[in-house]
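Breakdown of the fold
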Amino acid sequence: MSISFPWFCVKPIRSCRCCLVVAGLLLGVQVGAQNPIQVPVTAVQLQAVGQGFEMDAVVQPVKQATLSAQVSGRLLSLLVKAGDQVKTGQLLATINDSETLAGLQGNQAQVAQAQAQLHNAQANFDRTRDLLRQGFISAAAMDTAEAQLRSTRAALDQATAGVRQAHVSQGFTRVTAPFEGRVLQTEAEVGDLAQPGKTLLTLYATLPLRVVVQVPVSRSGSLTPSSQIEVQLPAADGAMRWIRPARVDRLPGADPVSQTIEWRLELPAQAATGLTPGQQVQVRFAAGQKQRLMVPAAAVLRRGELTAVYTLSGTTFVLKAVRLGTDHGPQGFEVLAGLQDKDQVALDPVKAGLTGARALPAGAPAQ
């Protein structure tokens, strides 16, 4: 075979870079023709795979609390913001306590008044009892004195209970964290008028977390809490993995509008690390096994929106677009369209696309 070099080259062949490149390309063609690229192939065939369906789900905290005002007053301070980590009993906000303080002082005054009346009633009862023993008064007067003593004692108990209630209301002006967690969001600002029931902030515990999925009633009939259920979560290296929930709960009733049943899947503590409330994940429900046409993941070629495989046609490979279904991991992908049973596909689509690629004979080592 003769090799022609660029006409404009005047350098010796061994010292000319362009001539060496041309020679290398031509010699590569000769070697490729003598030693064709051999690509391993495998047959697409029906396999028994687990069947089911996948649905979108949302991550939620298992323990979450909405903290609301329990007394009226201006919000004097809000000491946390969204994302802050808080501890049990930590002060989160304060409300003006002028009204509750006035109520406390009023109840304390009532206690003092009731104590004075009780002291007077007790003294009157003692005098009446002594006069009754001496025969100076009737039994009816003694009964009146005794009733008055009991009434003043009850009044003192009532006033004391009012003081305790006022102390409780006074404590409501200081909003504290009921458990250790993180602030999800705040819904009030300093200076706002706090009213009983008005939400101030939302707090959640970082662990444990759960995944909540709404399953249509039509599909829930074939599922039980013991069914195989998996949640797809991101791993530390960025890859996606399927894990089994630590606990599965199914609510007994269906939503009358959406006709769905809520499933709550509690995640293992290690798997929940790095997840945030509101994050969307995938849940897979298994429903027995069925025969499906499967293609190995190594045979799939993805280029932008194109998903294809190289199939063996005679002695050469032909690129064929396919439509794939569920990913079953080591078993490969379900083939929804584009291939038939027993079709031969290349296990190295990159090599199969090169000129001169041939199928590797059965039993021969891959090159």
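Our subject is the structure listed above.
Residues numbered from 1 in each chain as written. Predicted model: local features only at pLDDT ≥ 70, side-chain atom pairs only at ≥ 80, totals over all residues. Heavy atoms only, no water.

1. Here's the deal with the overall build of the protein
The criterion, for reference: By definition, any uninterrupted DSSP run of H or I lasting at least four residues is a helix, any uninterrupted run of E lasting at least two residues is a strand, and each is numbered from the N terminus. Each residue's exposure class comes from its accessible area (1.4 Å probe, protein chains only) as a fraction of the maximum for that residue type: buried when under 20%, exposed when over 50%, partly exposed otherwise. Residues are treated as being in contact if the distance between any of their heavy atoms lies within 4.5 Å. For the accessible areas, the method is Shrake-Rupley and the probe is 1.4 Å, while residue cover comes only from the protein chains on display.
Regarding its fold elements, the protein presents six helices and 24 strands. With 367 residues in all, the protein has 32% of them scored as buried. Counted over contacts in the protein with a minimum sequence separation of 6, partners at least 24 positions apart contribute 72%. Surface summary for the protein: the accessible area is close to 21700 Å², and the carbon and sulfur share equals 52%.

2. Let's talk about helix α2 (residues 98–134)
Applied cut-off: Expected span of a helix: the number of residues minus one, times 1.5 Å.
The end-to-end C-alpha distance of α2 is 55 Å, a good match for the 54 Å that 37 residues give at a rise of 1.5 Å each. Of all the residues in α2, the buried ones are T100, L104, N107, V111, A114, L118, A121, F125 and T128. Contacts from the buried residues of α2 go to α3 (139–171). Downstream of α2 by a residue or two, G135 has a phi angle that is positive, lying close to 80°.

3. Points about the sheet that holds strand β6 (residues 85–86)
Neighbouring strands of a sheet are bound in pairs by backbone hydrogen bonds; such pairs are parallel or else antiparallel. The criterion, for reference: At least two bridges found by DSSP between two strands is the condition for calling them paired.
Taking strand neighbours across the sheet as the criterion, the four strands line up as β4-β11-β9-β6 in an open arrangement whose pairing is antiparallel. Every other strand in the sheet has two partners, leaving β4 (64–68) and β6 as the edge strands with one partner each. Sheet topology places β6 next to strand β9 (residues 181–186); two bridges connect them, and they run antiparallel. Within the sheet, the bridge partner assigned to Q85 lies in β9 and is R182.

4. Description of unusual backbone geometry
Cis rather than trans, the peptide bond between L207 and P208 has omega equal to 0°. For Q259, which is not glycine, the phi torsion reads 55° and is therefore positive. Mapping Q259 onto the fold places it in the loop between β15 (247–254) and β16 (260–266). Taking relative accessible area as the criterion, Q259 reaches 43% and is therefore assigned partly exposed. With a phi close to 80°, K342 is a non-glycine residue in the positive phi region.

5. Side note on the pattern of salt bridges
Where charged atoms from two side chains of opposite charge approach closely, those side chains can pair. Note the cut-off: Definition used for salt bridges: Asp or Glu carboxyl oxygen within 4 Å of a side-chain nitrogen of Lys or Arg.
The full count for this structure, using the stated rule, is seven salt bridges. As a salt-bridge pair, R129 and D126 come within 3.3 Å of each other at their nearest N and O atoms. Note that R129 and D126 are positioned in helix α2 at a spacing of three residues, about one turn of the helix. Taking the relative accessible area as the measure of exposure, D126 reaches 27% and is therefore partly exposed. For the salt bridge of R292 with E334, the shortest nitrogen-to-oxygen distance reads 3.9 Å. One end of the pair, R292, is in strand β17 (residues 280–295); the other, E334, is in strand β22 (residues 333–337), and 42 residues separate them in sequence. Judged by its relative accessible area of 7%, E334 falls in the buried class.

6. Looking at α3
Along its 33 residues, α3 runs 49 Å from first to last C-alpha, staying within 8% of the 48 Å computed at 1.5 Å per residue. Along α3, the residues classified as buried are M142, A145, L149, T152, L156, A159, G162, V163, A166, S169 and Q170. For α3, the elements touching its buried residues are α2 and β8 (174–176).

7. Let's talk about the sheet that holds strand β5 (residues 73–78)
Strand order in the open sheet formed by four strands is β8-β7-β5-β10, with antiparallel pairing between adjacent strands. Of all strands in the sheet, those with a lone pairing partner are β8 and β10 (193–194), marking the two edges. Strand direction decides the pairing type here: strand β7 (residues 91–95) and β8, joined by three bridges, are antiparallel. Within β8, the position partnered with L91 by the bridge is T176.

8. Regarding the nonpolar core
Selection rule: Only buried residues count toward a nonpolar core. Its members are Ala, Val, Leu, Ile, Met, Phe, Trp, Tyr and Cys residues joined through side-chain atoms within 4.5 Å.
By size, the foremost hydrophobic cluster in this structure holds 24 residues, and its most contacted members are V211, W263, V283 and F285. Those elements that place two or more of their residues in this core are β3 (45–61), β12 (209–216), β13 (229–234), β16, α5 (269–272) and β17. With residues up to four places along the chain from it excluded, the contact list for V283 reads F53, E54, M55, A57, V211, V213, I229, E230, V231, W242 and L265. Judged by nonpolar contacts, the second largest core, of 20 residues, contains L75, A93, I95 and V175.

9. Structural notes on the pairing of strand β14 (residues 240–243)
Pairing analysis gives four bridges linking β13 to β14, with the strands arranged antiparallel. By the bridge assignment for β14, Q232 is matched with W242. Connecting the antiparallel pair β13 and β14 is a turn made up of five residues, with G238 showing a positive phi of about 95°.

10. Looking at the side chain of T202
Looking at the secondary structure, you find T202 in strand β11 (residues 199–204). Assessed through its relative accessible area of 4%, T202 is described here as buried. Residues within four places of T202 in sequence aside, it is in contact with Q64, A65, T66, R182, V183, L184, Q185 and E187.

11. Points about the packing of aromatic side chains
Any two aromatic rings considered together are summarised by their centre-to-centre distance and by the angle between their planes. Where we set the bar: Here the aromatic set is Phe, Tyr and Trp, taking the six-membered ring for Trp, and pairing holds for ring centres within 6.5 Å; pairs whose planes are under 30 degrees apart are stacked, those over 60 apart are edge-to-face, and all others are tilted. Lysine and arginine charges are scored as sitting over a ring when NZ or CZ, respectively, is within 6 Å of the ring centre and within 35 degrees of the ring normal.
Evaluated as defined, the whole model comprises two aromatic pairs. Ring centres 5.1 Å apart and planes at 20° place the aromatic pair F53 and F285 in the stacked group. Pair noted here: F53 is in strand β3 and F285 is in strand β17, with a separation of 232 residues, a long-range link. For the pair F53 and F285, one class covers both residues: buried. Measuring from ring centre to ring centre gives 5.7 Å for W263 and F285, while their planes differ by 75°; the resulting arrangement is edge-to-face. Note that W263 is positioned in strand β16 and F285 in strand β17, a separation of 22 residues in sequence. With a relative accessible area of 0%, W263 lands in the buried category. Through successive ring pairs, a cluster of aromatic residues spans F53, W263 and F285. When the ring centre of F333 is taken as reference, the NZ or CZ atom of R302 above it lies at 5.3 Å.

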